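Structural features, examined
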Amino acid sequence: MNSNMALVDAYVLATRLCRQSTVSEVLRAYDSTSRRASVNEVIRFSRQFGNYSVSNHWFTCWAMRMSVKYMPASRLTADDGDRSNHDFVKELHDDLGIVG
């Protein structure tokens, strides 16, 4: 999830730098409220998962092991942040008039 967001951020910044006139204009356009919200959600999830992963409580450790062991691989690799990435790129394309 995080690596996809980094790639999308790089694409959006590079595209804006190529098409807009000043760096300050690029940064103002890049810093959107919707993107901040989705990034904060990913950070919250990552911290929560990290806390569960290093817990000293026996039940939390057991539950984490069982959920990873028996959870379908498709769920472990699902990218729930893809909607926010799609929306962020669409916002860029709409803003700059890019088709496709």
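Counting from 1, residues in each chain are numbered in the order their sequence is written. Totals for whole chains, interfaces and linings use every residue, but because this is a predicted model, local features are given only for residues with pLDDT of at least 70 and side-chain atom pairs only at 80 or more, for both listing and counting. For the side-chain quantities, the full set of heavy atoms in the structure was used; hydrogens and water were omitted.

**Structural notes on the environment of Ser-74**
Helix numbering and strand numbering both begin at the N terminus, where a helix is a DSSP run of H or I of at least 4 residues and a strand a DSSP run of E of at least 2. Here Ser-74 is to be found in helix α5 (residues 73-76). On the basis of relative accessibility, which here comes to 56%, the residue Ser-74 falls in the exposed class. The spatial distance from the C-alpha of Ser-74 to the C-alpha of Val-42 is 19 Å, given a sequence separation of 32 residues. Note on exposure labels: buried denotes an accessible area under 20% of the residue type's maximum, exposed denotes more than 50%, and partly exposed covers the range between, all computed with a 1.4 Å probe on protein chains only.

**Concerning the packing of aromatic side chains**
Here the distance between the centres and the angle between the planes together describe a pair of aromatic rings. Planes of paired rings set the category: under 30 degrees apart is stacked, over 60 is edge-to-face and the rest tilted, where pairs are Phe, Tyr or Trp rings (Trp by its six-membered ring) whose centres lie within 6.5 Å. A full pass over the atoms with the stated rule returns four aromatic pairs. Three or more aromatic residues joined by ring pairs make a cluster, and in this case those are Trp-58, Phe-59 and Trp-62.

**Here's the deal with the nonpolar core**
Judged by nonpolar contacts, Val-8, Val-12, Tyr-30, Phe-88, Val-89 and Leu-92 together constitute the single largest core of six residues. Mapped onto this core, the elements with two or more residues apiece are α1 (2-19) and α6 (82-96). In terms of residue count, α6 provides more of this core than any other element does, three residues in total. Whether two residues are in contact is decided by their heavy atoms, any of which lying within 4.5 Å being enough. Ignoring any residue separated from it by four or fewer positions in sequence, one finds Val-12 in contact with Tyr-30, Phe-88, Val-89 and Leu-92. Within this scheme, the nonpolar core is defined by two criteria: the residues are buried Ala, Val, Leu, Ile, Met, Phe, Trp, Tyr or Cys, and they are joined through side-chain atoms within 4.5 Å.

**Digging into the confidence of the model for the chain**
Put simply, the chain has an average pLDDT of 87, and 93% of its residues get 70 or more. Per-element confidence in the chain ranges from a low mean pLDDT of 72 for α5 to a high of 92 for helix α2 (residues 23-30). Each residue carries a pLDDT score, the predictor's own confidence in it, on a scale running from 0 to 100.

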